[in-house]
Amino acid sequence: MTINSFLARRVLTANPSATKAVTLKAKQLRDQGRDIITLSQGELDFDTPQPIREAARTAMDQGQTRYTEVAGSAELRQAVQHKFQSENGLNYSLDQIQVASGAKQILFNAFQATLNEGDEVLIPTPSWPSYPEMVRLASGEPRLLRCGENAGFKLTPEQLRAAINDNTKWLLLNNPANPSGALYTQSELRALGEVLQDYPQVWVIADEIYEHLRYDDQPFTSFAAAVPELSERTLTINGLSKAWAMTGWRVGYCAGPEPLIKALNLLQSQSTSHASSISQAAALSALKQPHTFITECVTELTRRRDLVVASIQQIPGLSCRVPQGAFYVFVNCQSLLGQVTAAGQTLDTDQDVALYLLEEADVAVVPGSAFDLPGYFRLSYGNALPQLEEAMRRISVACNNLVAGDNV
Ligand code: PMP
């Protein structure tokens, strides 16, 4: 028996994380002694703030080492309830809130809990590559809706209306967005919401994990607050990973209609049981912290963003929009396609460009096709300024070393 006949079909057809694949290749090169700068990962280089780490230590010492409630400890859910109320103007009962092992786990469980074969999930792209894979793993059909640069990488109401059919179950809205850094305004959210009011079978997942990482004092409105008419069919997902530099702790949370949260709890009770009790204690502390850390993060990330954007604008063949949220720049590299490297290789695709930057500039970025938008690459500015400066210098040298191909 071959291993492939042993593995489940749904696993054989799923793709591994594209961003993790680039990061892995970068690591392999680094292990060979190469000085690779990794701008491919979705995390910040900051340490989790000290008081949060301390809260985890105290929890361990005080015996918070046992099972908690499936949905998360009541104290933590109260803190989440308070967060939604005070920051987003959303009112939920404790039974409408679930804590899980990361926003990713919630997304995974939400699809498992709701999708039957043939059910469609609308995913505006460029988007986080895990969304379509998670939908497929739940026997659903991802419907990728390309949102081009001219539309600010954002879904338009017309596009949404044209994509809905009888099988549509969810619209997945990631705001602010990975990888584009796009941020929807309240009126843009309302316009999308108005379309959905005509289609009562379509629910909304609002993935707002990057809520706090916004620039230039841009306001943020949670989808359920912008379109209260749809709150009975909106699942709002958020977490601690990005805003509090807590990616490894694996805590996310969500709120939505009680029957859906019940279904998520059922799945969680038969799989992970709940998020780690230690991580829950850390999350509780994070939700009670003043936002000084986040403000400092955003100030630092603004410097990094501005440096990266200014550098891109100087490099022939590259261009980008200024991201308004998250910590990625989605770089247009269409003008590089067709150009030829010093070794005589023509760069035909964004994958060729990413590979060229990895091999020639020792900089790891993720090709746009991984996010369903070829002709771009995503560069994360989670790294410190000196590293970013060096990375941009190397990318500039590599791009300047290209020569026009015959077909340019
Ligand atoms: N949603 C988006 C858009 C993300 O980029 C990520 C992390 N890369 C997640 C969710 C997952 O976050 P968590 O660490 O809470 O699972």
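Residues numbered from 1 in each chain as written. Predicted model: local features only at pLDDT ≥ 70, side-chain atom pairs only at ≥ 80, totals over all residues.

1. Structural notes on the overall build of the chain
Per the secondary structure count, the chain includes 15 helices and 13 strands. A compact globule built from 408 residues would reach a C-alpha radius of gyration of about 22 Å, and the chain, at 22 Å, matches this within 12%. For the chain, the C-alpha atoms occupy an extent of roughly 65 × 60 × 50 Å along the three principal directions. The buried share of the chain, reckoned over its 408 residues, is 49%. The contacts of the chain with a sequence gap of at least 6 include a subset with a gap of at least 24, amounting to 72%. (Helix = DSSP H or I, 4+ residues; strand = E, 2+ residues; numbered from the N terminus. Rg over C-alpha atoms; globule rule 2.2 N^0.38 Å. Buried ≥ 20, exposed ≤ 12 C-beta atoms within 10 Å, placed from the backbone. Contact = placed C-beta atoms within 7 Å.)

2. A short note on the sheet that holds strand β12 (residues 366-367)
Taken together, the four strands give an open sheet; going across it, the order is β9-β10-β13-β12, and neighbouring strands pair in antiparallel fashion. Both outer strands of the open sheet, β9 (319-320) and β12, are each paired with one neighbouring strand and no more. As paired strands, β9 and strand β10 (residues 328-332) are joined by two bridges and run antiparallel to one another. Looking at β10, one finds that Ser319 is bridged to Asn332. (Pairing = 2+ DSSP bridges.)

3. Digging into the site of the ligand
In the region of the ligand, 13 residues are neighbours, and Gly42, Gly102, Ala103, Lys104 and Ser241 sit closest. Of the residues assigned to the shell around the ligand, the class counts are three nonpolar, eight polar and two charged. (Near = placed C-beta within 6 Å. Nonpolar A, V, L, I, M, F, W, Y, C, P; charged D, E, K, R; others polar.)

4. Regarding the pairing of strand β13 (residues 376-380)
Where burial is concerned, most of β13 is hidden: five out of the five residues are buried. Along β13, one buried face is formed by Tyr376, Arg378 and Ser380 and the opposite face, lined by Phe377 and Leu379, is buried too. Alignment of β10 against β13, held across five bridges, turns out to be antiparallel. Within the sheet, the bridge partner assigned to Tyr328 lies in β13 and is Ser380. Pairing of β12 with β13 involves two bridges; the strand directions are antiparallel. Looking across to β13, one finds that Pro367 is bridged to Phe377.

5. What to know about the sheet that holds strand β8 (residues 252-255)
Taken together, the seven strands give an open sheet; going across it, the order is β2-β8-β7-β6-β5-β3-β4, and neighbouring strands pair in mixed fashion. Pairing within the sheet leaves two strands with one partner each, and these edge strands are β2 (97-100) and β4 (141-146). Between one strand axis and the next, the sheet turns through 20 degrees on average, direction left out of account. Relative to strand β5 (residues 168-174), strand β3 (residues 120-125) is paired through three bridges, and the arrangement is parallel. (Axes fitted to C-alpha atoms, helices over the stretch in contact; angles between N-to-C directions.)

6. Let's talk about unusual backbone geometry
Of note, the amide linkage connecting Asn175 to Pro176 takes the cis form, showing an omega dihedral of -10 degrees. Following the sequence through the fold, Pro176 ends up in the loop between β5 and α9 (186-197). Asn178 connects to Pro179 through a cis peptide bond whose omega is 15 degrees. For Pro179, the location among the structural elements is in the loop between β5 and α9.

7. Regarding the packing of helix α6 (residues 103-114) against helix α11 (residues 258-269)
At their nearest, the axes of α6 and α11 sit 9 Å apart, and the two run at 105 degrees to each other. Classed by the angle they form, the pair α6 and α11 counts as roughly perpendicular. Counting all contacts with α6, which are made through Ile106, Asn109, Ala110, Gln112 and Ala113, the residues of α11 involved are Ala263, Leu264, Leu267 and Gln268. Classifying every residue of the contact of α6 with α11 gives six nonpolar, three polar and no charged. (Parallel < 35°, antiparallel > 145°, perpendicular 65-115°, else oblique.)

8. Topic: the domain arrangement of the chain
A common way to state how big an interface is: give the accessible area lost once the parts meet. Looking at the assigned domains, one finds that the chain contains domain 1 (3-47 + 293-400) and domain 2 (62-288). Taking the mean C-alpha position of each, domain 1 and domain 2 sit 26 Å from one another. The interface is formed by 34 residues belonging to domain 1 together with 32 residues belonging to domain 2. Counting only elements with at least two residues in the side of domain 1 that touches domain 2, the list comes to α2 (9-13), α3 (18-31), α13 (292-314) and β10. (Domains from an automatic or database assignment.)

9. Considerations on helix α5 (residues 74-88)
The first and last C-alpha atoms of α5 sit 20 Å apart over 15 residues, in line with the 21 Å expected at 1.5 Å per residue. Every buried residue of α5 is accounted for by Leu76, Arg77, Ala79, Val80, Gln81, Phe84 and Asn88. Its buried side turned inward, α5 meets β2, α10 (223-226), β8 and α12 (277-288). Just beyond α5, the residue with positive phi is Gly89, at close to 70 degrees. (Expected span 1.5 Å × (residues − 1).)

10. Some details on the UniProt feature "domain: Aminotransferase class I/classII large" (unreviewed entry) in the chain
Mapped onto this numbering, the UniProt entry gives "domain: Aminotransferase class I/classII large" (unreviewed entry) at residues 35-395. Annotated as 39% helix and 16% strand, the span residues 35-395 places its first and last C-alpha atoms 14 Å apart. (UniProt positions renumbered as here; feature names shortened; annotations may be inferred.)

11. Side note on the environment of Gln280
Mapped onto the fold, Gln280 is located in helix α12. With 37 residues separating them in the primary sequence, Gln280 and Gly317 have C-alpha atoms 46 Å apart. Beyond its immediate sequence surroundings of up to four residues, Gln280 is in contact with Thr68, Gly72, Ser73, Leu76, Val99, Val251 and Ala275.

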